[in-house]
There are 2 protein chains.
Amino acid sequence: MSSKPNAIVAQSGGPTAVINSSACGVVQEAAKSGKIGMVIAAVNGILGVLKEELFDVSAEKPEAIEALKRTPAAAMGSCRHKLKSLKESRADFDRVLDVFKAHNIHYFFYAGGNDSMDTADKVNKLAADAHYELVCIGIPKTIDNDLAFTDHCPGYPSVAKYVATCAMEAGRDTEALYTADTCTILEVMGRNAGWIAAATGLAARSPEDAPHLIYMPEAAFSFDKFVRDVQEVLKAFGRVFIVAGEGLKDQNGQYITADAGTFGKDSFGHVQLGGVAEMLKAVIEKEVKIKARFNKLGTNQRSAMHFASLTDVNEAYMCGQMAVRYALDGVNGKMVTLVRQTYGGQVREKGAKYKCTTGLAELRDVANGEKKVPREFINDKGNHITDAMRDYVRPLVQGEAPITIDKDGLPVFTRFERKPLEKKLPKYL
Amino acid sequence: MSSKPNAIVAQSGGPTAVINSSACGVVQEAAKSGKIGMVIAAVNGILGVLKEELFDVSAEKPEAIEALKRTPAAAMGSCRHKLKSLKESRADFDRVLDVFKAHNIHYFFYAGGNDSMDTADKVNKLAADAHYELVCIGIPKTIDNDLAFTDHCPGYPSVAKYVATCAMEAGRDTEALYTADTCTILEVMGRNAGWIAAATGLAARSPEDAPHLIYMPEAAFSFDKFVRDVQEVLKAFGRVFIVAGEGLKDQNGQYITADAGTFGKDSFGHVQLGGVAEMLKAVIEKEVKIKARFNKLGTNQRSAMHFASLTDVNEAYMCGQMAVRYALDGVNGKMVTLVRQTYGGQVREKGAKYKCTTGLAELRDVANGEKKVPREFINDKGNHITDAMRDYVRPLVQGEAPITIDKDGLPVFTRFERKPLEKKLPKYL
């Protein structure tokens, strides 16, 4: 056991194809620095901290650590456990600090979205109040791409590449069989932001290409307009391929799937309906009177390591690596951001080569921020994307991440041994 | 225009990742033979024949023809139009022959499933009765893998490779986030046969790997047993990953999704429910009281060119190529079959290298046959596969089919110009 300060790394929220790559960056850079003792993993994110369920990642086989770059989901486990305000969850926050103290943890690397940055920020302030030396650095992670202060979020480029490809492929299916299956709806994730839906627009290189219509939560959804959109595309191409974000909202900001008044209760008596795609399918069949079907990729879109973006894998690694470098350089209370050199939100240099470096943002600012698809990325009709969106997403989906294929003809993913660290504190959760 | 006899090639039913590869085999082999004039494509399968909507594939750019090997769905268009019995659809059959005569077509290559083989057989007999020289050769195509007399069907290996990978990936997602999303159901295609569901079993290399439970139409489904299965897996691993074929049936052979009496009408008043996965999700949430979610890949599974089996692409090509060779060798009224050299259904030589050649089966026999997942491929409990199934499917999913990626970071698929052949007959449909 080293007397150097230990670091803890935790993964939070919905997994992605590349969150493990960020973890790999943390672990390998920490080892390289020679300044950090163990890199301890919390099993299932903050839950593992509270329960003192920890393991020493540095003790895992080097090839298992390296294989994180080719393994989707969260090799350390994740959770949706959210610490509330300091006032409401004071005991939880104290427990976090107790666990950190008990295991000589002085670096906290937390990969997640807004809520995780909020947690990291609060832990950080609490440590300062308690005069406990702690460096908290956030690592951005969300397929939803809705974190502010970063050009984009690791995890998003891979889901973007995959769903755009899925739209192309299923689009060709609809094109081939439109005489029987005239309409296909592809439902994608994104409860509050339409970034994933928007990415599929890259697949539409010509008007006849799928998707013909893209609906995002940022553009108020109207059933009447939707029916007219579908009829228009149908007239032009004899088929319709639609991408719908799961969180479509009407002009009052209400989720359209929660509108039980219009479409009744579901088969099991719940007020909330199953999903956007099922609802749109029913509307099309009733109002446009054509056969419609839907594909719902679900968790397969955020775990599609087999066709992940190499750019994403590399940038996710860089975020983990830089988190360690920043921490050792004395930075604290910040999240690593991705900074696009050639296209920084407002200024776009045509033909410029994409280059991405890292920056920093206050944990608190990220926690309170949100980034939706801007109006200029959505077309005037609110049913497709603009070239500005294409220019934004195109560089992100470049390259195919390498995977390992075994004798079964299938990918091989790593799994840690997770030899538990001895518990030093009383049971808490 | 050549005076040599022309050939027609048509694609039928649900598209696959490799049916275009078979078409490529037909077109390139026909050109190489020097014995066939034009290779004419029927637009949207038999519908295009009836409507005399045809185009000359040989006139398409050679690179577009070559790119068929990397393009999913059906580049010539497909349909679900089914010719009934000769008695009921005599006019249709006569029309097919009239179109063939009008365009000097003496070879009919038809890629499809049982129904297509039935149609080809009937056209063939009608031609013989009319003393019109016609050679009809069927090319197997179905992701369902349910054609008899062939070891497997082109299209199946690619969907097998893809869904098994999807089960692995989403399985890791569930494993990472089981504290919140404890159960995931992956619904796959296969209305009457469980071959696709069975293929996902290859992903389960150890008991903790997904899928933990696989349900196929061949094993009678019981809700009580299902709930017990789920509880058992939950107890062992704290999470459950389930693969369900869309066509699950109860012990009376009734589709479980059609059982409106048990689960009520759907939100829109239809008696038939949306799908198996939604129903299983509801059962789990109600009976096991854990959160469940589902992924429904839909048409994305049969069009997943981006991770198709190279073995499949090559064998599909071989089927098209051999169809032409057999036809020129005087064979008629047969479907090309795939013959596994080392494992012919009953005899399995351990460690033998997989090799696949082609054979022939009577169109009529294939039309009347059906191949379900045999009992020995399904485990005793009826909820997973055996090693025999693993040995069957493993060689089929070997290799990754090459695709072309463009500057957008997305695949490029070909699209024919489809310059229509001049119509020579009165309008029919």
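Refer to the structure above for everything that follows.
The structure reproduced in this document is the subject of the present report.

About the criteria used
- Residues numbered from 1 in each chain as written.
- Chains lettered and ligands numbered in written order.
- Predicted model: local features only at pLDDT ≥ 70, side-chain atom pairs only at ≥ 80, totals over all residues.
- Heavy atoms only, no water.
- Helix = DSSP H or I, 4+ residues; strand = E, 2+ residues; numbered from the N terminus.
- Buried < 20%, exposed > 50% of the residue type's maximum accessible area, 1.4 Å probe, protein only.
- Phe/Tyr/Trp six-rings, centres within 6.5 Å; stacked < 30°, edge-to-face > 60°.
- Least-squares fit on C-alpha atoms with pLDDT ≥ 70 in both.
- Contact = heavy atoms within 4.5 Å.
- Pairing = 2+ DSSP bridges.
- Axes fitted to C-alpha atoms, helices over the stretch in contact; angles between N-to-C directions.
- Salt bridge = Lys/Arg side-chain N within 4 Å of Asp/Glu carboxyl O.
- Disulfide = S-S within 2.5 Å.

**Some details on unusual backbone geometry**
Residues other than glycine predominantly adopt negative phi, and peptide bonds predominantly adopt the trans conformation.
Residue and element names in this part refer to chain A.
Part 1: P211 follows A210 through a cis peptide bond whose omega is -10°.
Part 2: Relative to the elements of secondary structure, P211 occurs in the loop between α7 (195–199) and β7 (213–215).
Part 3: Even without a glycine there, the phi angle at N145 is positive, about 60°.
Part 4: Exposure remark for N145: the relative accessible area of 0% places this residue in the buried category.

**Some points on the packing of aromatic side chains**
Part 1: Tallying each qualifying case throughout the model produces 24 aromatic pairs over all chains.
Part 2: Aromatic pair A:Y107 and A:F109: ring centres 6.3 Å apart, planes at 5°, arrangement stacked. A:F109 carries the same exposure label as A:Y107, and that label is buried.
Part 3: Consider the rings of B:Y156 and B:W195, whose centres lie 6.2 Å apart with planes at 75°: the pair is edge-to-face. Here the residue B:Y156 occupies a position in helix α6 (residues 156–176), and B:W195 occupies one in helix α7 (residues 195–199), the gap between them amounting to 39 residues.
Part 4: Its relative accessible area of 0% is what places B:Y156 among the buried residues.

**Structural notes on the relation of the copies chain B and chain A**
Part 1: Note on the identical chains: chain B maps onto chain A by a rotation of 180° and an axial translation of 0.0 Å, with an RMSD of 0.0 Å. The relationship between the two copies is best expressed as a two-fold rotation axis.
Part 2: By residue overlap, the copies meet face to face through one surface: 100% of the interface positions of chain B are interface positions in chain A.

**Remarks on the sheet that holds strand β4 (residues 105–112) of chain B**
Residues and elements named next belong to chain B.
Part 1: The seven strands are arranged β3-β2-β1-β4-β5-β10-β11 in an open sheet whose pairing can be described as mixed. Among the strands making up the open sheet, the edge pair consists of β3 (54–56) and β11 (356–362). Here the average twist between neighbouring strands, direction ignored, is 30°.
Part 2: Judged from the three bridges that link them, strand β1 (residues 6–11) and strand β2 (residues 39–42) form a sheet pairing that is parallel. Opposite A7, over in β2, you have V39 as the bridge partner.
Part 3: Sitting on the sheet, helix α1 (residues 19–33) is in contact with β1, β2, β4 and β5 (135–140), with an inclination near 175° to β1.

**What to know about the pattern of salt bridges**
Part 1: For the structure shown, the criterion picks out 57 salt bridges over all chains.
Part 2: Residues A:E175 and A:R239 are paired through a salt bridge, measuring 3.6 Å at the closest nitrogen-oxygen approach. Within this pair, whereas A:E175 is found in helix α6 (residues 156–176), its partner A:R239 is found in the loop between α8 (223–237) and β8 (240–245), the two being separated by 64 residues in sequence. The two residues A:E175 and A:R239 agree in class, both being buried.
Part 3: Measuring nitrogen to oxygen at the nearest pair gives 3.5 Å for the salt bridge that ties A:R205 to B:D408.

**Some thoughts on the state of the cysteines**
Part 1: The full count for this structure, using the stated rule, is zero disulfides over all chains.
Part 2: Here A:C183 stays free of any disulfide, with the sulfur of A:C166 as its closest cysteine sulfur at 17 Å.

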